[in-house]
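Residues per chain, in single letters:
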Amino acid sequence: MGRIIEEIYVWRLPVRLYHWINALCTVALLVTGLYIAAPLFSPPLGEAALHKGMAWWRYVHFAVAFIFIANFLFRMYWALFGNDKYARFGGFRPWSPSWWGKPFREQMESYLFLRQDEPNYVGHNPVAALAHFIFIFCGSSFMILSGLAMYGENNPSGFNGHLFGWMIPMFGGSYTLHFVHHLMAWIFPFYFIMHIYAVLRHDVVDRTSVTSSIITGFKHKVEEEPV
Amino acid sequence: MQSNQTFADVFKARGVSRRDFLKFCSLTSVYLGLSPSMVPSIVEAMDKKPRTPVIWIHGLECTCCSESFIRSSHPTIENLLFNMISLDYDDVLSAAAGHQLEDVRKKIMKEYKGKYILAVEGNASTKDDGVYCMVGGDSFLNILKETAADAAAVVAWGACASFGCVQNAEPNPTGAAPIHEIIKDKPIINVPGCPPISEVMTGVITHFHTFGTLPELDRFGRPKAFYNTRIHDKCYRRAFFDAGMFVRSFDDEATRKGWCLYKMGCKGPTTYNSCSKIQWNGGTSFPIGSGHPCIGCSEPNFWDRGPFYKRLAEVPFLGSDSNADKIGMVAVGAAAAGAAAHAAVTAAKKVKPGSENNDKA
């Protein structure tokens, strides 16, 4: 291994905390959500009134969901007002054709093995930014809105029912909304695999210690080894 | 029967005592979810207001709404019910037929212009000028438009009129369309269900008669008084759901014990209706009470929402063996396979440039 020639502080503490809380919440939400859709465990013995088998899974799902939402909102705040060079929305302009220009194309070509050299970014590369936008921003937003709409269903005249209930007719009914919520949940394990693979690959190819950077916050530039 | 009779007159003529009349008014206020202080308003309306004429027409339907309606148990005498809502035209229940009956409809439309309620059971075929549903020599589509033009309000009875039901399920060969897609300029109350509960049907009409306004409606145009909560939230088997005690097949011990039918595909958690509160046939039972999962008949397009006995809907365009989990797992598997392939290519590519410029050991 070559000598470390530069140490860059990329992921500040709020970003790292967000990342890990988000990761844990997503896993917990996926597991509890799948359980709610298909409860597997054997029924408890005795009177129903004494047990909370299913209620517990739902309770955890809802409780974690609120942590997930708070964490998501915090990340939105941080992206807009955090003044954090590597965590803000600033550079992400998918509505502008120039954003899709050279950097995006080069990164895409690199992923498709159409070029030899690997473009190097300290923060997110354009393709990664797009993936985060689609899966994390859009995916989470949809899950949060549909989740709150369904959470409000036991009191349609209440706060959640008023604020988010419009999701239900929009998707053609409560059942369809449940179904789409369930279907969309699968984008998270899908994204998880792509994310882990991309991180490991970049770490191996670029040797920027991107894997540990989400724990320590630091990325490294490593000296080219002499032959 | 004079058309300006009040409900009280009708009751009296039929030999119903004042006491029973007041009982009926109290029960109606309970079903409408009104406070006891509103009972006098109902009594007054029933006493003094002339009965609201109702024209009840039938399109593409199975008459199960009418069957339900004539079994309304509060009040208990079906005969009362007919008189109560002043049902002036109903091509299924009327003794008269043919031109005589059609003349009655025309007469009511003229005499009570803008005041009568149009109750529609079933929906209209819209394909090929509505030729797939003909009533009295005209298409039901035309009759519906013609009769709705002068109505004060339109009540869409049942899943057919409200959302389309089985006749507009895929592939909908006759182009059947629910009432709100055909009549745009009238207030419409959707009273879905296949059929709706009889007390809900009488309750809706009584509300209109009492207050002269439509009941408060939810986002799907259903009266909130009856469709504001899910079957699941008032289900007497809810304790078994929360405890995780489920029926797993229709012949197991759990079925005998009456556990939750969630895993048998019960649509109670996503269905808004009053079955678990009012129940059916005078509070005798309701589907879940009889051991059958709810099929969600008061929800839009419930025929197309997957099998009745499975929890997760099938995905229509991907064949009958796909559900959300299978699609998800295939997608995740594809991502994993893609990542593995990409890693392999990365490794293979590295070998070539690696051989000429470095040999990291």
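Provided above is the structure to which this section pertains.
Residues numbered from 1 in each chain as written. Chains lettered and ligands numbered in written order. Predicted model: local features only at pLDDT ≥ 70, side-chain atom pairs only at ≥ 80, totals over all residues.

Caption draft 1: Local environment of unusual backbone geometry. Residue Pro 171 of chain B is reached from Glu 170 of chain B by a cis peptide bond, and omega for that bond is 0°. As for its placement among the helices and strands, Pro 171 of chain B is situated in the loop between α8 (158–162) and β8 (176–177). In this structure, the amide linkage connecting Cys 194 of chain B to the following residue, Pro 195 of chain B, adopts the cis form with an omega of -5°. Looking at the element boundaries, Pro 195 of chain B is found in the loop between β9 (188–191) and α10 (198–211). With a phi close to 50°, Ser 209 of chain A is a non-glycine residue in the positive phi region. Along the chain, Ser 209 of chain A falls in the loop between α8 (187–206) and α9 (210–216). The exposure class assigned to Ser 209 of chain A is partly exposed, which follows from the 17 C-beta atoms found within 10 Å. One non-glycine residue, Asn 281 of chain B, adopts positive backbone phi at about 50°. (Helix = DSSP H or I, 4+ residues; strand = E, 2+ residues; numbered from the N terminus. Buried ≥ 20, exposed ≤ 12 C-beta atoms within 10 Å, placed from the backbone.)

Caption draft 2: Representation of the interface of chain B and chain A. The interface is formed by 40 residues belonging to chain B together with 41 residues belonging to chain A. Only α12 (238–243) and α14 (324–357) of chain B provide two or more residues apiece to the side of chain B that touches chain A. Among the elements that make up the side of chain B that touches chain A, the one with the highest residue count is α14 of chain B (13 residues). Of the residues assigned to the side of chain B that touches chain A, the class counts are 20 nonpolar, eight polar and 12 charged. (Contact = placed C-beta atoms within 7 Å. Nonpolar A, V, L, I, M, F, W, Y, C, P; charged D, E, K, R; others polar.)

Caption draft 3: Spatial organisation of the sheet that holds strand β1 (residues 54–58) of chain B. Residue and element names in this part refer to chain B. If you trace the five strands from one edge of the open sheet to the other, you get β2-β1-β3-β7-β9, paired in parallel fashion. Each edge of the open sheet is held by one strand with a lone partner, namely β2 (87–90) and β9. Averaged over all pairs of adjacent strands, the angle between strand axes in this sheet comes to 20°, irrespective of strand direction. As defined by bridge partners, β1 adjoins β2 across three bridges and the pair is classed as parallel. (Pairing = 2+ DSSP bridges. Axes fitted to C-alpha atoms, helices over the stretch in contact; angles between N-to-C directions.)

By themselves, these observations are geometric and do not establish any function.
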